[in-house]
Amino acid sequence: MPDVFVNYRTGDEESAATMIARELARRFGDERIFFASNSIEPGRRFPVELVRAVEECEALLAVIGPRWAEVRGADGRPALEAEQDWTRHEIQTALDRGVLVIPVLVGKATRIDRSALPEDLLELADCQYRRFDHRNAESDLTALGDTLSRLLPELGEADRSARAVREPTEAKSREKSARDTGHARMRTRDVEQRVRGGIGNLNGDLSGTFVNEPQGPVNTGRGHQYNAPHFEGDNTGVQFTAGDNSGTVHQRFERERQHSDDGR
């Protein structure tokens, strides 16, 4: 048995009605929210299903947008004036049963025009309403769900049960997000410290790892060496190579050789 019946008019804010029904179903369970396009199984007789659902529900949400009273039927007259209009019939049935009827005014709909209502729906204009705006969809949907949870005890119990299931999962998700953020910050800080300490990677032509020392960067990996001294040597001497942006200087230092021979 559905607890909440979502009533709306085709041609006027079906998207808002869909969002409301979807969020309430997520929060309280599909079986507790009646939304015609989702709740009537294929092959079922929709007049019978609509009447049954309205007669069994604990609350009816009348989703009303700016064109609610203006949408016209096949005969060219306002659909609301036709006694067989299902939107009208659903609200009338709920009012006659004395169930909770909550108008949900969408977007630019600021009030219910009593003069546009047929005689059997005049009571609708006296019902305290809720507002729904697409720009504030999240907060408005939460407020509407909170209202229903508070006013309908069984729905409130379902809401608490659902929260008991959701909260541990949501808490774990928040903890994982916090850990991931902390790890990312630690990695960023470690990289910054390494860069400040003179250890980093060079891309492109400077493909090696460099270590920043007081004398300048020294290439410790593969790739060209820039602005760093380089020493080569063999048994005869040492060659020193240094350079800056203007050129390279080569100097060769011969080691003194001491030979022992006959006159020297």
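Fair warning: this is a prediction, and the values are worked out from it, not measured in the lab. (Residues numbered from 1 in each chain as written. Predicted model: local features only at pLDDT ≥ 70, side-chain atom pairs only at ≥ 80, totals over all residues. Heavy atoms only, no water.)

Moving on, we get to the packing of helix H1 (residues 14-28) against helix H5 (residues 137-151). In a packed pair of helices, the relevant descriptors are the angle between the two axes and the axis-to-axis distance. Between H1 and H5, whose axes approach to 10 Å, the crossing angle comes to 55°. By the criterion of interaxial angle, the relationship of H1 to H5 is oblique. Note on packing geometry: the crossing formed by H1 with H5 is right-handed. Between H1, through Met19, Ile20, Glu23, Leu24, Arg27 and Phe28, and H5, the contact on the second element is made entirely by Ala137, Leu141, Thr142, Leu144, Gly145, Asp146, Leu148 and Ser149. For the contact of H1 with H5, the per-class residue count stands at eight nonpolar, three polar and three charged. (Axes fitted to C-alpha atoms, helices over the stretch in contact; angles between N-to-C directions. Helix = DSSP H or I, 4+ residues; strand = E, 2+ residues; numbered from the N terminus. Parallel < 35°, antiparallel > 145°, perpendicular 65-115°, else oblique. Left-handed = near helix turned anticlockwise from the far one by under 90°. Contact = heavy atoms within 4.5 Å. Nonpolar A, V, L, I, M, F, W, Y, C, P; charged D, E, K, R; others polar.)

Moving on, we get to the side chain of Thr87. Turning to its location among the elements, Thr87 is positioned in helix H4 (residues 86-97). A polar contact of 3.1 Å, which involves the side chain of Thr87, links it to the backbone oxygen of Tyr8. (Polar contact = N/O pair within 3.5 Å; in protein donor to acceptor, adjacent residues only side chain to side chain.)

Further remarks concern the packing of helix H3 (residues 46-56) against H4. Here H3 crosses H4 at 30°, and the two axes come no closer than 9 Å. Considering their axes alone, H3 and H4 lie roughly parallel with respect to each other. The way H3 lies across H4 gives a crossing that is right-handed. Contacts from Phe46, Pro47, Leu50, Val51, Val54, Glu55 and Glu56 of H3 reach H4 at Trp86, His89, Glu90, Thr93, Ala94 and Arg97.

With that settled, the discussion passes to the pairing of strand S1 (residues 4-7). Residues Val4 and Val6 of S1 are buried on one face, and the alternating residues Phe5 and Asn7, pointing to the opposite face, are buried as well. Of the crossover connections in this fold, the one passing from S1 over H1 to the parallel strand S2 (residues 33-34) is right-handed. Strand direction decides the pairing type here: S1 and strand S3 (residues 59-64), joined by four bridges, are parallel. By the bridge assignment, Val4 is partnered in S3 with Ala59. (Buried < 20%, exposed > 50% of the residue type's maximum accessible area, 1.4 Å probe, protein only. Right-handed = clockwise from strand over helix to strand, strands pointing away. Pairing = 2+ DSSP bridges.)

In this section: the pattern of salt bridges. Enumeration over the complete set of coordinates arrives at eleven salt bridges. Taking the shortest distance from any N to any O, the salt bridge between Arg52 and Glu49 comes out at 3.2 Å. Of this pair, Arg52 and Glu49 both sit in helix H3, three residues apart, which is roughly one turn of that helix. The class of Arg52 is partly exposed, set by a relative accessible area of 33%. For Glu49, a relative accessible area of 13% gives the class buried. Asp120 serves as the salt-bridge partner of Arg88, at 3.1 Å between the closest nitrogen and oxygen. Residue Arg88 is found in helix H4, and its partner Asp120 is found in the loop between strand S4 (100-106) and strand S5 (130-132); the two are separated by 32 residues along the sequence. Residues joined by salt bridges that share partners form a network here, namely Arg27, Asp146 and Asp159. (Salt bridge = Lys/Arg side-chain N within 4 Å of Asp/Glu carboxyl O.)

Within the open sheet, the five strands sit side by side as S2-S1-S3-S4-S5. Their pairing is parallel. Each end of this open sheet is capped by a strand with a single partner; those strands are S2 and S5.

Those residues of H3 not exposed but buried are Glu49, Leu50, Ala53 and Val54. Axial view of H3: buried residues confined to an arc of 125°, hence all on one face. At its buried positions, H3 is contacted by S1, S2, helix H2 (36-39) and H4. (Arc of directions from axis to C-beta.)

As for its position among the elements, Arg32 is in the loop between H1 and S2. Take Arg32: its relative accessible area is 21%, and that puts it in the partly exposed class. In the structure, Arg32 is positioned 126 residues away from Ala158 in sequence and 9.2 Å away in space, judged by C-alpha atoms. Among residues more than four places away in sequence, those in contact with Arg32 are Pro2, Asp3, Val4, Glu154, Leu155 and Ala158.

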